[in-house]
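These are the residues of each chain, in order.
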Amino acid sequence: MHSGGEILFDPDGNSDPGDIGLFVLGTCFTVLLQQRGYLILHASAVSVDSHAVLFCGPSGAGKSTMAALLGMRGYPLLNEDVCTLNPMDGGKYSVRSDSRMLKLWSETVVELDLNQNARTLVSEKHKKFFVEPLRSGIADKQSIKALYVLSDLEKGNEPSLEHLNPLEAAVELKRNAYRPTLVEAMEVHEDYFRISIGLLQHASVYRLYRPKDFGQTEALFALLEEHWRNLGLQTSDQIETFS
Amino acid sequence: MKPLHLHEDVVIKREDGWLAGRVGDDLVMMHAKSNQFANLSATGSRIWELLEGPRTLKNLCETLSCEYDITAEEAMADITKFLRMAESHNLLHFEQ
């Protein structure tokens, strides 16, 4: 990785090309973009009324599943797993689609009836499938309106949202760096913090408690869409039923 | 627990390494090396601003009692409380 402009790699011949792809497009790209002064979040994003809403959490938290579900509801995919924050005029931050496919466990593909969209296995080690998003193709930068930290819901409870104060939000943004160890190793704390504060001046962060199974999907949609309408966003009027 | 009383000639200095950014009325702070976070409300963040350079407690009290239109004694009590709290979170330290 060099000067934010070049990635050179030399596979050792025994590595799975899928793993190399993941590493280059994930970790290596993050190094490159951090060299350019960007903040990279471990998040997936969908477009709601020409704005971006982000879902973040550690690996396995359900970021891609959330994006897939919202795709079925009519919200186009912007980012899968990696969100690079771009500064806009007026101090806001935006994300832009990089055309990545979703990465979903085979059970999720079956459960969501996305077999037709499933492509190849991500890698031998990583038993997920690349899945073509149902809706995508948004080329414009979209300003970030809200960010949700995915948290598991206790059994028997309804999905719910909790607004985080600026301190809690800043802690979550730091925690949800795409590669927190790279923020440490590259000593880009100052850039990271400055961009986090800039983001929080225009976008709010919430904890989203939702079930990991698909039993309460309708309640989850209702909760999010009500929230988006309260934020002044128009929700999908082309509601596709999910069963 | 240390006594709340601080001598008015004590010099108050910020600890190094804190980054701060304003979100609404809050001042969100992060210490990169220790990965500590802190949040100061309106008054606290005003004190932090005033401490850009070292100040004596007396100077701080005089400045704030003017700004907030309260007596120096009232200011002293509130400021001392804040300073003790801020010191315990490694935001600042005292020099005699």
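Refer to the structure above for everything that follows.
A brief report on the enclosed structure follows. Being a predicted model, the structure only gives us computed values, none of them experimental.

### Things to note about the overall build of chain A
Okay, step 1: In terms of helices and strands, chain A carries 7 helices and 11 strands.
Okay, step 2: The C-alpha radius of gyration computed for chain A amounts to 18 Å, which stays within 12% of the reference 18 Å derived for 243 residues, consistent with globular compactness.
Okay, step 3: Each principal axis of the C-alpha distribution contributes one length, and for chain A these read about 45 × 40 × 35 Å.
Okay, step 4: Here chain A holds 243 residues, and the buried ones make up 52% of them.
Okay, step 5: Contacts in chain A between residues far apart in sequence, at least 24 positions, make up 72% of those at least 6 positions apart.
Okay, step 6: Summed over its atoms, the accessible surface of chain A is roughly 11800 Å², and 48% of this surface lies on carbon and sulfur atoms.

### Side note on the sheet that holds strand β5 (residues 55–56) of chain B
Residues and elements named next belong to chain B.
Okay, step 1: Within the open sheet, the 3 strands sit side by side as β5-β1-β6. Their pairing is antiparallel. Bordering the open sheet on either side are β5 and β6 (92–95), each of which pairs with just one other strand.
Okay, step 2: The sheet contact formed by strand β1 (residues 11–14) and β6 spans 4 bridges and is antiparallel. Note that in β6 the partner of Arg14 across the bridge is Leu92.

### Focus: the packing of helix α2 (residues 63–72) of chain A against helix α7 (residues 217–230) of chain A
All names here are of chain A.
Okay, step 1: Two elements in contact, α2 and α7, have axes separated by 12 Å at closest approach and are oriented at 80°. As summarised for this structure, α2 and α7 are arranged roughly perpendicular, according to the angle between their axes. Mapping the contact onto sequence places Met66, Leu69 and Leu70 in α2 and Thr217, Leu220, Phe221, Leu224 and Trp228 in α7.

### Quick notes on the environment of A:Ser50
All names here are of chain A.
Okay, step 1: If you trace the backbone, Ser50 turns up in the loop between β1 (39–48) and β2 (51–56).
Okay, step 2: The class of Ser50 is exposed, set by a relative accessible area of 52%.
Okay, step 3: The sequence separation of Ser50 and Ile7 amounts to 43 residues, and the corresponding C-alpha distance is 32 Å.

### Focus on unusual backbone geometry
Residue and element names in this part refer to chain A.
Okay, step 1: The backbone of Ser99 shows a phi angle near 60°, a positive value even though the residue is not glycine.
Okay, step 2: Structurally, Ser99 is set in the loop between β5 (93–95) and β6 (102–105).
Okay, step 3: Residue classification places Ser99 among the exposed residues on the basis of a relative accessible area of 66%.

### So, the packing of aromatic side chains
Okay, step 1: Tallied over the entire structure, the rule returns 3 aromatic pairs over all chains.
Okay, step 2: Grouped by ring-pair contacts, the aromatic residues A:Phe55, A:Tyr148 and A:Tyr206 constitute a single cluster.

### Quick look at the pairing of strand β7 (residues 118–121) of chain A
Moving residue by residue along a regular strand, the side chains alternate between the two faces of the sheet.
Residue and element names in this part refer to chain A.
Okay, step 1: One ladder, built from 2 bridges, connects β7 with strand β8 (residues 128–131); its direction is antiparallel. Across the sheet, the residue bridging to Leu121 is Phe129, located in β8.
Okay, step 2: What sits between β7 and β8 in their antiparallel hairpin is a turn of 6 residues.

### Here we look at α2(A)
Residues and elements named next belong to chain A.
Okay, step 1: Of all the 10 residues making up α2, 10 are buried; the element is thus mostly covered by neighbouring parts of the structure.
Okay, step 2: Within α2 the residues assigned to the buried category are Lys63, Ser64, Thr65, Met66, Ala67, Ala68, Leu69, Leu70, Gly71 and Met72.
Okay, step 3: Positive backbone phi, approximately 110°, marks Gly74, located one or two places after α2.

### As for the nonpolar core
All names here are of chain A.
Okay, step 1: Among the nonpolar cores identified, the biggest contains 37 residues, and Leu41, Leu54, Leu85, Val95, Ile144, Leu147 and Leu199 are the most heavily contacted of them.
Okay, step 2: Looking at this core, the element that brings in the most residues is helix α6 (residues 189–200), giving 6 residues.
Okay, step 3: Setting aside residues up to four positions removed in sequence, Leu41 forms contacts with Leu54, Asp81, Val82, Cys83, Leu85, Leu147, Leu173, Asn176, Ala177, Tyr178 and Tyr192.
Okay, step 4: If you look at the next biggest cluster of nonpolar residues, it comprises 31 residues, including Val53, Leu102, Ala146 and Leu224.

### Some remarks on the sheet that holds β7(A)
Strand pairing in a sheet relies on backbone hydrogen bonds. The paired strands run either parallel or antiparallel.
Residue and element names in this part refer to chain A.
Okay, step 1: Read across the sheet, 3 strands follow the order β6-β8-β7 without closing on themselves; strand pairing throughout is antiparallel. Two strands in the sheet have a free side with no partner beyond their single neighbour: β6 and β7. When strand polarity is set aside, the average angle formed by the axes of neighbouring strands in this sheet is 40°.

### A look at the interface of chain A and chain B
By a widely used convention, the size of an interface equals the accessible area lost when the partners come together.
Okay, step 1: Counting residues at the interface gives 11 residues for chain A and 14 residues for chain B.
Okay, step 2: Taken over both partners, the interface formed by chain A and chain B buries close to 1100 Å², and the fraction arising from carbon and sulfur atoms is 80%.
Okay, step 3: When the buried surface of chain A facing chain B is broken down by residue, A:Pro166, A:Leu167 and A:Phe193 rank first, second and third, together holding 46% of it.
Okay, step 4: Along the contact surface separating chain A from chain B lie 0 salt bridges.
Okay, step 5: For the pair chain A and chain B, the interface holds 2 residue pairs in polar contact (both at pLDDT 80 or more).
Okay, step 6: Secondary structure elements with two or more residues in the side of chain A that touches chain B: α4 (166–175) and α6 of chain A.

### Some words on the packing of α4(A) against α6(A)
All names here are of chain A.
Okay, step 1: Where α4 contacts α6, the two axes come as close as 10 Å, and the packing angle between them is 135°. In terms of axis orientation, α4 runs oblique to α6. Like other packed secondary-structure pairs, α4 and α6 cross with a definite hand, here right-handed. Here Pro166, Ala169, Ala170, Leu173 and Lys174 of α4 come into contact with α6, specifically with His189, Tyr192, Ser196, Leu199 and Leu200.
Okay, step 2: Among the residues making up the contact of α4 with α6, the classes are represented as 7 nonpolar, 2 polar and 1 charged.

Conventions and cut-offs
- Residues numbered from 1 in each chain as written.
- Chains lettered and ligands numbered in written order.
- Predicted model: local features only at pLDDT ≥ 70, side-chain atom pairs only at ≥ 80, totals over all residues.
- Heavy atoms only, no water.
- Helix = DSSP H or I, 4+ residues; strand = E, 2+ residues; numbered from the N terminus.
- Rg over C-alpha atoms; globule rule 2.2 N^0.38 Å.
- Buried < 20%, exposed > 50% of the residue type's maximum accessible area, 1.4 Å probe, protein only.
- Contact = heavy atoms within 4.5 Å.
- Areas by Shrake-Rupley, 256 points an atom, 1.4 Å probe, with all protein chains shown as cover.
- Pairing = 2+ DSSP bridges.
- Axes fitted to C-alpha atoms, helices over the stretch in contact; angles between N-to-C directions.
- Parallel < 35°, antiparallel > 145°, perpendicular 65-115°, else oblique.
- Phe/Tyr/Trp six-rings, centres within 6.5 Å; stacked < 30°, edge-to-face > 60°.
- Core = buried A, V, L, I, M, F, W, Y, C linked by side-chain atoms within 4.5 Å.
- Buried area = accessible area lost by both parts, 1.4 Å probe.
- Salt bridge = Lys/Arg side-chain N within 4 Å of Asp/Glu carboxyl O.
- Polar contact = N/O pair within 3.5 Å; in protein donor to acceptor, adjacent residues only side chain to side chain.
- Left-handed = near helix turned anticlockwise from the far one by under 90°.
- Nonpolar A, V, L, I, M, F, W, Y, C, P; charged D, E, K, R; others polar.

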